[in-house]
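Descriptive analysis of the structure
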Amino acid sequence: MKRLIPLLAAGIVLVLSGTGCIVDSRYDLSKLNTEMTVFKGAEFPVPSVSLTLGDLLQLDGYQFIKVAQNGDYLVQFDLDPLDVQVEIPDSHGEVHIPLAYQPVPYSFGNVPDFISGKDQQFEADLSDMTVTLEVESAIPASFTATGTVQTLVKDAVKGTFHFDNVGVNPGKQTYYLKEQAKYSGEISVPGLGNMLIPFPDAVQLNNLDLYANAQEVSGIVGNTYGLSFRTHVETPICFSENHRMTMSVPLDAELDLEEIGLKRAILNVIYDNDIPLNFTLSAYALDAEGKKIDGVKAETSDPIWGGTSGGLVVELTTQGDLRFDQIVLELTISSDSRIAGMHINQNQVLRLRDMSLYLPDGIQIRLDTEN
C-alpha cells in the first residue's frame with residue numbers, strides 16, 4: 001500500500017503534464033465580445049437643399065435661353081438682320097422685285113438635354129412659337145412679301161415654314177407669325193409650332209420674294225430703295241405630359257460612417273414643392289472614393305406631389321453593416337396631363353428642409369480597432 005501511493009502520485013503528475021491546465025470558460029478573456037452599441041436613437045442634422053427648375057433641368061448659361069420678368073423660361077433669339085437695296089423693275093401685271101441676299105443661319109451650338117430631345121425621356125413643349133417680323137420699307141408703294149423660315153441639321157434643311165402674301169406698306173410695320181392666327185396682326189404659318197421640335201442645329205430666314213402691282217410702281221420704275229427685315233423668334237419653354245427623368249442630388253450630411261457599422265438609418269425630410277412636377281425619392285450610399293455601395297436598400301414612404309408640402313422618410317437598410325461616407329438622393333421626376341403646356345418658371349423650387357439622419361438601432365463599434 002505504501003509502495004502504491006508514490007506510483008499513483010507519479011501517474012497524476014504525468015497526466016497533468018500531458019494535458020495542460022484546464023481554464024474555466026467564465027474567465028477566458030480571449031472570447032470577450034469587443035463590439036458594443038452606442039448612440040441608439042440618435043439623430044444627426046442634415047443640411048437643407050433647395051432645387052430650382054434651373055438646377056433640375058440645367059437651363060442656365062445658354063445665350064438663346066432667357067428668363068422673362070415673371071420668371072418664365074423662354075427660347076429667344078434674333079436671326080441675322082437683312083438690309084438690302086432693291087431696284088424697281090419695269091413689268092406688266094404683277095411685278096417681281098428681285099431680292100438678292102445670302103441667308104445667314106443662327107446656330108445654337110450646345111443645347112441642354114431637356115429641350116434637345118436626345119438621350120433622355122423628358123422633353124419640353126416648345127410649340128407656342130411666335131416669329132416677329134419687322135419690315136421697314138423706303139419704297140413709296142405697297143407690295144407683298146412671301147418667304148420661308150428654315151431649320152437646319154448638319155447644314156441640311158430639316159424643316160421649311162412658309163409665310164405668304166404679307167402686305168407691306170411704306171414705313172415700318174410689325175407682323176407676328178403664329179401656328180394659328182387669332183388676333184389682328186397675326187399671320188398663320190402651318191406647322192410653325194414644330195419648328196424647334198426636334199431641336200435643330202440652326203435657323204435661317206430664306207427665299208424672300210417681293211411682289212407689287214404694276215400700277216403701284218409705275219412712277220418709280222428704275223429707282224432704288226432701302227428695305228430692311230428684322231426677325232425675332234420666341235417660344236416659352238413649357239411642360240409636356242407623360243415624360244420622366246432621373247437625377248441625383250448629393251446630400252452634404254457631414255457624416256463619416258465608414259468606420260462604424262449601422263443596421264438601419266432613417267432619413268427624415270420635410271418638403272415644400274412649388275414645382276408642378278411629381279418627385280419620387282430613393283437614396284443610395286457612397287464610399288470615401290465616391291463609389292456606389294452595393295447591397296444598400298432604400299425605401300421611401302410617399303412621393304412628393306407637385307405643388308404640395310409635407311414630410312416623408314427614406315429608410316436605408318443592409319444585410320451586413322451599413323457603412324458609408326455620403327448619402328445621395330435620387331429623384332425620379334414625372335409629369336402628367338394636368339401640367340401639359342404650363343410654363344416652366346425659374347421661381348419654382350423644391351425645398352428639402354429640416355432633414356435628419358435617425359439611427360433607431362444605434363451604431364456598432366469594435367473596441368479592438370484603432371478607429
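Right above here is the structure, for reference.
Please read all numbers here as calculations on a predicted model, not as lab measurements.

Procedures and definitions
- Residues numbered from 1 in each chain as written.
- Predicted model: local features only at pLDDT ≥ 70, side-chain atom pairs only at ≥ 80, totals over all residues.
- Heavy atoms only, no water.
- Helix = DSSP H or I, 4+ residues; strand = E, 2+ residues; numbered from the N terminus.
- Buried < 20%, exposed > 50% of the residue type's maximum accessible area, 1.4 Å probe, protein only.
- Contact = heavy atoms within 4.5 Å.
- Areas by Shrake-Rupley, 256 points an atom, 1.4 Å probe, with all protein chains shown as cover.
- Pairing = 2+ DSSP bridges.
- Axes fitted to C-alpha atoms, helices over the stretch in contact; angles between N-to-C directions.
- Core = buried A, V, L, I, M, F, W, Y, C linked by side-chain atoms within 4.5 Å.
- Phe/Tyr/Trp six-rings, centres within 6.5 Å; stacked < 30°, edge-to-face > 60°.
- Polar contact = N/O pair within 3.5 Å; in protein donor to acceptor, adjacent residues only side chain to side chain.

On to the overall build of the protein. The secondary structure content of the protein amounts to 4 helices and 24 strands. Evaluated residue by residue, the protein yields a buried proportion of 41% over its 371 residues. Sequence-distant contacts, at least 24 apart, represent 82% of the contacts inside the protein between residues at least 6 apart. Per element, the accessible surface of the protein, about 20300 Å² overall, is 49% carbon and sulfur.

The strand order across the open sheet built from 3 strands is β16-β22-β19, with neighbouring strands paired in antiparallel fashion. At either end of the open sheet lies a strand with only one pairing partner, and these are β16 (244-251) and β19 (278-286). Here the strands of the sheet are splayed against their neighbours by 25 degrees on average, with no regard to which way each runs. In the sheet, β19 pairs with strand β22 (residues 326-334) via 9 bridges, with the strands oriented antiparallel. Its bridge partner being in β22, L281 is matched across the sheet by L331.

Once that is clear, we can look at unusual backbone geometry. Note the cis peptide between I197 and P198, where omega equals -10 degrees. Mapping P198 onto the fold places it in the loop between β13 (186-188) and β14 (202-213). Phi is positive for K154, close to 55 degrees, though the residue is something other than glycine. Tracing the backbone through its elements, the reader meets K154 in the loop between β10 (143-153) and β11 (156-168). A positive phi angle, close to 50 degrees, is found at D354, a residue other than glycine. Along the polypeptide, D354 turns up in strand β23 (residues 349-359). By relative accessible area, which is 51% here, D354 ends up exposed.

This brings us to the nonpolar core. L56, I115, I237 and F279 are the most contacted members of the largest nonpolar core, which totals 93 residues. Those residues in contact with I237 that lie beyond four places of it in its chain are I65, Y73, L74, V75, F114, I115, A124, D125, L126, M342, H343 and I344.

The next thing to look at is the packing of aromatic side chains. Two measures describe an aromatic ring pair: the distance that separates the ring centres and the angle between the ring planes. Considering all chains together, one arrives at 7 aromatic pairs under this definition. Site record: aromatic cluster; members linked through ring pairs are Y62, F64, F77, Y106, F108 and F199.

Moving on to the environment of F77. Summarising the element assignment, F77 is placed in strand β5 (residues 73-78). Sequence separation between F77 and V233 is 156 residues; the distance between their C-alpha atoms is 5.5 Å.

Next up on the list: the side chain of N206. Counting through the fold element by element, N206 comes out in strand β14. A distance of 2.9 Å separates polar atoms of two side chains, one belonging to N206 and the other to N207. Residues in contact with N206, not counting those within four places in the same chain, are Y101, P103, G147, T148 and Q150.

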